[in-house]
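Structural overview
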Amino acid sequence: MVDLYRPISEGLLTEEPTRFSDMYGAGATGLLFAPGAGVTDLMGYAPDPSQPGEYLPSFGANIREGNYLDAALQTLGGAGDVMMAGGMLVPPLVGVGAAMKAPRAARVAASTDALEDVLSIRAEQMALPKEQRVQPSGQGLLFDTSPASYERTTQIMRQGETPVPRAPEGAKLPKGNRAAPIAESSDAIASRLAERMEPFIGTPAQYFYHTGPLLDKAKDLGVSEEKALSQIARFAENYAATSPRTVTEQNLRNASLVSAKQQAGIPIDTIIGPGSGGINEKGYAMMVGPSGIHRKLVEAVEQGGIDYMTNPKPATFAENVKGNLQGVTVDTHAIRGALDAMNEISPGSIPEGFIKPDFRKQYKENPSSLDPATMIEDTLESQKVGGKSAQTEYAVFSDLYKMAAEKLGVSPAEAQSLGWFGSGDRTGLASEMKTVVDLIDERVDVTAQLLNRDKDSVYKDFLEGKIPLLSMGGVGLLGAGGATQMMQDEPQPAGGIL
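Nothing here was measured: the structure is a model prediction, and the numbers come from that model.

For any pair of aromatic rings, the description rests on two quantities: the centre-to-centre distance and the angle between the ring planes. Going through the model one piece at a time under the given rule, you end up with twelve aromatic pairs. Ring centres 4.9 Å apart and planes at 85 degrees place the aromatic pair Phe 208 and Trp 420 in the edge-to-face group. With Phe 208 in the loop between helix H11 (186-197) and helix H12 (212-220) and Trp 420 in helix H21 (residues 412-422), the pair connects residues that are 212 residues apart, well separated along the chain. By relative accessible area, Trp 420 is classed as buried at 1%. Here the aromatic cluster, defined as three or more aromatic residues joined through ring pairs, consists of Phe 143, Phe 208, Tyr 209, Phe 235, Tyr 239, Phe 317, Trp 420, Tyr 459 and Phe 462. One Lys or Arg, Arg 178, reaches over the ring of Phe 354 and ends 3.8 Å from the middle of that ring. Over the ring of Tyr 284 we find Arg 253; its NZ or CZ atom is 5.8 Å from the centre of that ring.

Quick look at the structure:
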């Protein structure tokens, strides 16, 4: 009979299980001591303590994925079965066999505790003044961030056109066809945007979405390309799903927690670490109530993906973060930048529907007074297409940035990220020039410091969804509008609102 409490007596678990999830984890870990469990584990049929109904990877799977320590411990556990079988003739061998199984059980138990450990550490950091929280060391960069490495992204990450919702042929656009004049002036607007972007070519502004170095590093650590791509895709989708109304640093941290919960089979709204007093873990604030936008988008991801027709911004953002550079994430800054360029070319030409009501009179009388950061109505509208709501104004701005990309000889995603900084002085951008890879490197660094581990192992655990990432002390930088911008429902670049 399997002893449910053996992992406690062996020192693998420190508390007696009380909840079902705790009891399942303890029981599944205890099963690793059972006669024949080593062979079962080798074959891939050992229950996963962190995911009820799932199994731990087999010996072959661990070898393919570069988890050589796990594979070695599985072999030791299998040898333990042989010793326990010999115990029928030589009873002391039973104890020897059980002892040979202990290292594998300890390894599995430790992996199930890692998630809660990270959340506890984050809560401890939150209790400190921001200036006393652990900061990135700046030592031992994890990824190759040379231009050549970034540019490999299009060679090693899937590229493909991302769909955008469009109005039917001949149909007017929403709000009195307000976006039509923008489409009619698209070439001139794209040219002006390209002029603003050009000085930033070759800088991190161009490489924001180039996530190829994430894949290269994963493969260097022995993770199979198939698994690495799958995990990067899952993170990208969760990054997009948790982006609305969230500052960038918080967004990345939240996405890593969602991925870790999914890996562990834990519902997004189940608190597993120190709570904030609400419905989130302390330091991981998300809108996960029944009607919360983050919950809805995460559920959409789990059900096959975010709908391009109704939510083209997060859907495209997910593709961009996966390294697919063929789509345009039309965010607040992209909209503001395009309309500001339109006004620069032809003062007073911005359609009234894109100016906030409080500023329409001022803009009409003095177009040069335009402040894109505060006066632009930058929420895109929808209309019914085939009986379904579609954010058709999105295509107008997406097409603008694709035209600018063609003029500069860059990808659509590169044009959009270049536009952040090309027009940032006008749109209210207040962000450091960092890429997604830079942001992940910094957070892996902080997590490694707090866990007293090396960055390689932390990155691998993050990639595999075993742990969320910790972050540096402060919050992301806000553009003009501060808290008002936090209510915008779209991704934005490093340091801004996502």
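With seven of nine residues buried, helix H24 (residues 455-463) lies mostly within the body of the structure. Among all positions of H24, only Lys 455, Val 458, Tyr 459, Lys 460, Asp 461, Phe 462 and Leu 463 are buried. Phi turns positive, to about 75 degrees, at Gly 465, one or two residues after H24.

On to the side chain of His 294. Tracing the backbone shows His 294 in helix H15 (residues 293-302). Residue class for His 294 comes out buried when judged on its relative accessible area of 1%. One polar contact links the side chain of His 294 to the main-chain carbonyl oxygen of Thr 242, over a distance of 3.3 Å. Contacts of His 294, omitting those with residues within four sequence positions, involve Ala 241, Thr 242, Ser 243, Pro 244, Thr 246, Met 286 and Met 287.

When two helices pack together, their arrangement is captured by the angle between the axes and the distance separating the axes. It is at 11 Å that the axes of helix H14 (residues 248-264) and helix H23 (residues 436-451) come closest, and there the two elements cross at 70 degrees. As summarised for this structure, H14 and H23 are arranged roughly perpendicular, according to the angle between their axes. Between H14 and H23 lies a crossing whose hand is right-handed. In contact with Thr 248, Glu 249 and Leu 252 of H14, H23 contributes Leu 439, Ile 440 and Arg 443. Across the contact of H14 with H23, the residue classes break down as three nonpolar, one polar and two charged.

For Pro 468, the position within the fold is in the segment after H24. C-alpha separation for the pair Pro 468 and Leu 119, spaced 349 residues apart in sequence, amounts to 7.9 Å. Residue contacts for Pro 468: discarding those within four places in its chain leaves Leu 115, Val 118, Leu 119, Ser 256, Leu 257, Ala 260, Tyr 284 and Thr 447.

With that settled, the discussion passes to unusual backbone geometry. Phi at Lys 175 takes a positive value of approximately 55 degrees, unusual for a residue other than glycine. Structurally, the position occupied by Lys 175 is in helix H9 (residues 174-177). Backbone geometry at Asn 452 places phi at a positive 55 degrees, although glycine is not the residue there. Considering the arrangement of structural elements, one finds Asn 452 in the loop between H23 and H24. On the accessibility criterion, Asn 452 (71% relative accessible area) is exposed.

So, on to the pattern of salt bridges. Within the structure shown, the criterion is met by 29 salt bridges. Salt-bridge contacts for Arg 196 lead to Asp 340; the nearest nitrogen and oxygen are separated by 2.8 Å. With Arg 196 in helix H11 and Asp 340 in helix H17 (residues 332-345), this pair connects stretches of sequence that are 144 residues apart. The exposure class of Arg 196 is buried, given its relative accessible area of 9%. Here Asp 340 falls in the buried class, since its relative accessible area comes to 3%. A cluster of three or more residues bridged by salt bridges with shared partners is formed by Arg 192, Glu 195, Arg 196, Asp 340, Glu 344 and Arg 426.

Spanning 14 residues, H17 covers 20 Å between terminal C-alpha atoms, matching the ideal 20 Å at 1.5 Å per step. The buried count for H17 comes to twelve of 14 residues, which makes it a mostly enclosed element. Listing the buried residues of H17 in full gives Thr 332, His 333, Ala 334, Ile 335, Arg 336, Gly 337, Ala 338, Leu 339, Asp 340, Ala 341, Met 342 and Asn 343.

What counts and how
Residues numbered from 1 in each chain as written. Predicted model: local features only at pLDDT ≥ 70, side-chain atom pairs only at ≥ 80, totals over all residues. Heavy atoms only, no water. Phe/Tyr/Trp six-rings, centres within 6.5 Å; stacked < 30°, edge-to-face > 60°. Helix = DSSP H or I, 4+ residues; strand = E, 2+ residues; numbered from the N terminus. Buried < 20%, exposed > 50% of the residue type's maximum accessible area, 1.4 Å probe, protein only. Lys NZ or Arg CZ within 6 Å of the ring centre and 35° of its normal. Polar contact = N/O pair within 3.5 Å; in protein donor to acceptor, adjacent residues only side chain to side chain. Contact = heavy atoms within 4.5 Å. Axes fitted to C-alpha atoms, helices over the stretch in contact; angles between N-to-C directions. Parallel < 35°, antiparallel > 145°, perpendicular 65-115°, else oblique. Left-handed = near helix turned anticlockwise from the far one by under 90°. Nonpolar A, V, L, I, M, F, W, Y, C, P; charged D, E, K, R; others polar. Salt bridge = Lys/Arg side-chain N within 4 Å of Asp/Glu carboxyl O. Expected span 1.5 Å × (residues − 1).

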